Amino acid sequence: MASRTATELVHPDREQLRFTAVLAALSDPVRLAIVARLAEVEPDGELACTTFALPVSKSTQSGHFKALREAGVIRQRDEGTRRLNRLRRDDLDTRFPGLLDLVVPQGRAVIAGW
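Along each chain, residues carry numbers from 1 onward, in the same order as the chain's sequence is written. Local features are withheld for residues below a pLDDT of 70 in this predicted model, meaning they are given only at 70 or higher, and side-chain atom pairs are given and counted only at 80 or more; totals for whole chains, interfaces and linings count all residues. Side-chain figures throughout are based on the complete set of non-hydrogen atoms in the structure, without hydrogens or water.

Engineer: Any chance you could explain the nonpolar core here in plain terms?
Structural biologist: Among the nonpolar cores identified, the biggest contains 28 residues, and Leu-26, Ile-34, Val-35, Leu-68 and Val-73 are the most heavily contacted of them. Strands are runs of DSSP state E lasting at least two residues, helices are runs of H or I lasting at least four, and both sets are numbered from the N terminus onward. Those elements giving two or more residues to this core turn out to be helix 1 (19-25), helix 2 (29-40), helix 3 (58-71) and helix 5 (99-112). A total of seven residues in this core trace back to one element, the largest contributor, which is helix 2. Pairs of residues are marked as contacts when any of their non-hydrogen atoms sit within 4.5 Å. With residues up to four places along the chain from it excluded, the contact list for Val-35 reads Leu-26, Leu-68, Val-73, Leu-87, Leu-100, Val-103 and Val-104. Each nonpolar core is a collection of buried residues, namely Ala, Val, Leu, Ile, Met, Phe, Trp, Tyr and Cys, held together in the definition by side-chain atoms within 4.5 Å. Throughout this description, buried means an accessible area under 20% of the type-specific maximum (1.4 Å probe, protein chains only), exposed means over 50%, and partly exposed covers the range between.

Have a look at this one:
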């Protein structure tokens, strides 16, 4: 998913996280599933975009990852041709305590239904 000509990845600072933007990013079942998978590899784990078994095309997957990144739910970094993803739990727990505790089980339920 990452390319050699990829533009710089922009992530909002913790203080810039907006509740409505985070909720909007989490309103899609595919994005809930992404968050649940990332929660499985915490606290130090990262997963490449290509490791997610999502029922959508690669271009649609890219849009989902972008929505999560721009809302501040995940942090992404490029490593060679791979784009690695990490859940921003510390930032989200500080700004919106308990939110991920509600979201992760919902994402697991989505995955179980696939």
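Engineer: What is the right way to look at the pattern of salt bridges in this model?
Structural biologist: Where charged atoms of side chains with opposite charge meet at close range, the side chains can pair. Note on definitions: salt bridges are taken to be side-chain nitrogens of Lys or Arg within 4 Å of carboxyl oxygens of Asp or Glu. The tally for this structure, following the rule as stated, stands at twelve salt bridges. Residues Glu-40 and Arg-37 are paired through a salt bridge, measuring 2.8 Å at the closest nitrogen-oxygen approach. Taken together, the residues Glu-40 and Arg-37, both in helix 2 and three residues apart, mark about one turn of the helix. Judged by its relative accessible area of 25%, Arg-37 is partly exposed. Taking the shortest distance from any N to any O, the salt bridge between Glu-42 and Arg-89 comes out at 2.7 Å.

Engineer: Sorry if this is basic, but what is going on with the packing of helix 2 against helix 5 here?
Structural biologist: Packed helix pairs are specified by the crossing angle of their axes together with the interaxial distance, meaning the distance between the axes. Angles run from 0 to 180 degrees between N-to-C directions of axes, and those axes are lines fitted to C-alpha atoms, restricted for helices to the stretch in contact. Taken N-terminus to C-terminus, the directions of helix 2 and helix 5 make an angle of 110 degrees; their axes are 7 Å apart at the nearest point. With respect to helix 5, the element helix 2 is oriented roughly perpendicular. Counted together, Pro-29, Leu-32, Ala-33, Val-35, Ala-36, Arg-37 and Ala-39 of helix 2 and Leu-100, Val-103, Val-104, Gln-106, Gly-107, Arg-108, Val-110 and Ile-111 of helix 5 form the full contact between these two elements. Roughly parallel refers to an angle under 35 degrees, roughly antiparallel to one over 145, roughly perpendicular to one between 65 and 115, and oblique to any angle outside these ranges.

Engineer: Honestly, the packing of helix 2 against helix 3 in this entry has me stumped. Any pointers?
Structural biologist: For the pair helix 2 and helix 3, interaxial distance at closest approach is 10 Å and the crossing angle is 70 degrees. By the angle between their directions, the pair helix 2 and helix 3 is classed as roughly perpendicular. Crossing of helix 2 against helix 3: the hand is right-handed. Contacts between helix 2 and helix 3 involve Val-30, Arg-31, Ile-34 and Val-35 from the former and His-64, Phe-65, Ala-67 and Leu-68 from the latter. Classifying every residue of the contact of helix 2 with helix 3 by side-chain character gives six nonpolar, one polar and one charged. The sense of a crossing depends on the near helix, which, turned anticlockwise from the far helix by less than a right angle, makes the crossing left-handed and, turned clockwise, makes it right-handed. In this count, Pro and Cys sit with the nonpolar residues alongside Ala, Val, Leu, Ile, Met, Phe, Trp and Tyr, while Asp, Glu, Lys and Arg are called charged and the others, Gly among them, polar.

Engineer: Help me understand the environment of Arg-86 in this model?
Structural biologist: Relative to the assigned elements, Arg-86 resides in strand 3 (residues 82-87). In sequence terms Arg-86 and Val-41 are 45 residues apart; their C-alpha atoms lie 8.6 Å from each other. Other than its neighbours up to four places away in sequence, Arg-86 contacts Leu-38, Pro-43, Asp-44, Gly-45, Glu-46, Val-73, Ile-74 and Arg-75. Counted as a polar contact is a pair of N or O atoms within 3.5 Å, where, for protein atoms, one must be capable of donating a hydrogen and the other of accepting one, and residues adjacent in sequence contribute only when both atoms are in side chains. Here the side chain of Arg-86 touches Pro-43 through a polar contact of 3.4 Å, landing on its backbone oxygen.

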